Amino acid sequence: LPVPVQHYLQYAGVMNKPKVRYFCVIFEGEMREKGKDFFPFCSVQYNFIDDPVRLFYMKGKMYGVNVPGYHRYVHARASMDIRLFGLIPVVKSSGPVMDTTETVTLFNDMCLLAPATLIDPRISWEPVDSLTVRAVFRNQGVRVSALLYFNAQGQLINFISQDRTAIAEGRKLPFSTPVSRYAPVNGFQLMAEGSAVWEYPDGPFEYGKFRLKSVNYNSAAPDM
């Protein structure tokens, strides 16, 4: 592994720990669409590593109305289903563009939420400088890449990919997930707060704020 990645794994505390085969993550935070206000959400997701699967369920509230959403990624095929009151479809999407987009999301999860999974033959690495690495992740014919930015402390402070599409707008934009804080979580040093950002031609747009509530590796999820 490139030296910055080695330092990150050492900082995170994953050395000499059991191999991560699956994990469950609970977030809370705020999301928004461009031109609209933030709305609160909570989410629970399961990620499986050997044959990558990502199942993400979100409960949001917009203008006092429940808007649940479900993202499913299995066998490198992805779908998204968001419904008003949990009944009326608002956004439904699937197909090759969605497959690539969610492959980026899966790899982002691996980088930020389960650093131990970065020892994986599906990832190829290319050092850029002493604190930056380019990574390529391949899964069942889908190839995505990202630049990973680290600091001198060993923290992964940003992940930027050109391969993700803003589904609501139907166009590919640079996607980044800057991390604002790390904290101890179940014996590991992990991102505690971060953002999801689209880089529009007129400037960055922060569309998601995430606060990590829990991560459980190789075990059942706690109650939300």
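Bear in mind that the values here come from a model prediction, so they are computed numbers and not experimental data. (Residues numbered from 1 in each chain as written. Predicted model: local features only at pLDDT ≥ 70, side-chain atom pairs only at ≥ 80, totals over all residues. Heavy atoms only, no water.)

Colleague: Just checking my understanding: could you explain the environment of Lys172 for this structure?
Modeller: Within the secondary structure, Lys172 is located in strand E12 (residues 171–172). Distance from Lys172 to Gly194, taken between C-alpha atoms, is 22 Å for residues 22 residues apart in sequence. Residue contacts for Lys172: discarding those within four places in its chain leaves Gln162, Asp163, Arg164 and Thr165. (Helix = DSSP H or I, 4+ residues; strand = E, 2+ residues; numbered from the N terminus. Contact = heavy atoms within 4.5 Å.)

Colleague: Is there a simple way to explain the packing of aromatic side chains in this structure?
Modeller: Here the distance between the centres and the angle between the planes together describe a pair of aromatic rings. This model, assessed by the stated rule, comprises 12 aromatic pairs. Taking NZ or CZ as reference, Lys34 lies 4.6 Å from the ring centre of Tyr200, over its face. Its guanidinium or amino end placed over the ring of Phe205, Lys34 lies 5.6 Å from that ring's centre, counting from NZ or CZ. (Phe/Tyr/Trp six-rings, centres within 6.5 Å; stacked < 30°, edge-to-face > 60°. Lys NZ or Arg CZ within 6 Å of the ring centre and 35° of its normal.)

Colleague: Just checking my understanding: could you explain the pattern of salt bridges for this structure?
Modeller: Proximity of charged atoms lets side chains of opposite charge pair with each other. Within the structure shown, the criterion is met by 12 salt bridges. For Arg54, the salt bridge goes to Glu102, with nearest N and O atoms at 3.5 Å. Remark: Glu102 occurs in helix H2 (residues 96–113) and Arg54 occurs in strand E3 (residues 53–62); sequence separation between them is 48 residues. On the accessibility criterion, Arg54 (6% relative accessible area) is buried. A salt bridge links Arg122 to Asp120; its shortest N-O distance comes to 2.7 Å. One network of salt bridges, with partners in common, ties together Glu28, Glu30, Arg211 and Lys213. (Salt bridge = Lys/Arg side-chain N within 4 Å of Asp/Glu carboxyl O. Buried < 20%, exposed > 50% of the residue type's maximum accessible area, 1.4 Å probe, protein only.)

Colleague: What is the right way to look at the confidence of the model for the protein chain in this model?
Modeller: Interpretation of the predicted coordinates at a detailed level should be avoided for regions scoring low in pLDDT. Residues at a pLDDT of 70 or more form 90% of the protein chain, whose mean pLDDT is 89. Across residues 83–92, where pLDDT falls below 50, the model places 24 contacts with residues more than four positions away in sequence or in other chains. (pLDDT = per-residue confidence, 0-100.)

Colleague: Got a minute to help me understand the nonpolar core in this structure?
Modeller: In summary, soluble globular proteins display a tendency toward joint burial of nonpolar side chains. Core analysis: the biggest nonpolar cluster contains 59 residues, and Phe107 and Leu212 have the highest contact counts within it. With 8 residues, H2 is the single largest residue contributor to this core. Sequence-distant contacts of Leu212, defined by excluding residues within four places in its chain, comprise Val25, Ile26, Phe27, Leu113, Val185, Leu190, Met191 and Ala192. (Core = buried A, V, L, I, M, F, W, Y, C linked by side-chain atoms within 4.5 Å.)

Colleague: I'm lost on the layout of surface pockets in this one. Help?
Modeller: Gaps between atoms show up when a probe of the same size as a water molecule is rolled over them. In this structure, the second largest pocket encloses a volume near 220 Å³. In this structure, the second largest pocket is lined by 16 residues; those nearest its centre are Lys19, Val20, Ala116, Thr117 and Ile119. Its residues assigned to classes, the lining of the second largest pocket shows 9 nonpolar, 2 polar and 5 charged. (1 Å grid on protein atoms, 1.4 Å probe; cavity = no way out; pocket = protein on both sides within 12 Å on 5 of 7 lines; lining within 4 Å. Points joined across faces, edges and corners; volume = space filled by probe spheres on them. Nonpolar A, V, L, I, M, F, W, Y, C, P; charged D, E, K, R; others polar.)

Colleague: Explanation requested: helix H1 (residues 3–12) in the structure shown.
Modeller: Helical periodicity: at 3.6 residues per turn, an α-helix aligns residues three or four positions apart in one direction. For H1, the full list of buried residues reads Pro4, Val5, Tyr8, Leu9, Tyr11 and Ala12. All buried residues of H1 lie within an arc of 160° about the axis, which places them on one face of the element. Of the residues flanking the end of H1, it is Gly13, one or two places downstream, whose phi is positive at about 85°. (Arc of directions from axis to C-beta.)

Colleague: What am I meant to see in the pairing of strand E15 (residues 188–200) here?
Modeller: Looking down a regular strand, the side chains alternate between one sheet face and the other. For E15, the buried fraction is high: 10 of the 13 residues fall into the buried class. Relative to E15, strand E13 (residues 175–176) runs antiparallel, the two being bridged by 2 bridges. Looking at the pairing, Ser176 lines up with Val197 of E15. Pairing analysis gives 6 bridges linking strand E14 (residues 179–185) to E15, with the strands arranged antiparallel. Its bridge partner being in E15, Tyr182 is matched across the sheet by Met191. Joining the antiparallel neighbours E14 and E15 is a turn of 2 residues, in which Asn186 adopts a positive phi near 50°. For E15 and strand E16 (residues 203–217), the ladder comprises 8 bridges, and the chain directions are antiparallel. Residue pairing in the sheet places Val197 in a bridge with Glu206 of E16. The hairpin turn running from E15 into E16, its antiparallel successor, is 2 residues long. (Pairing = 2+ DSSP bridges.)

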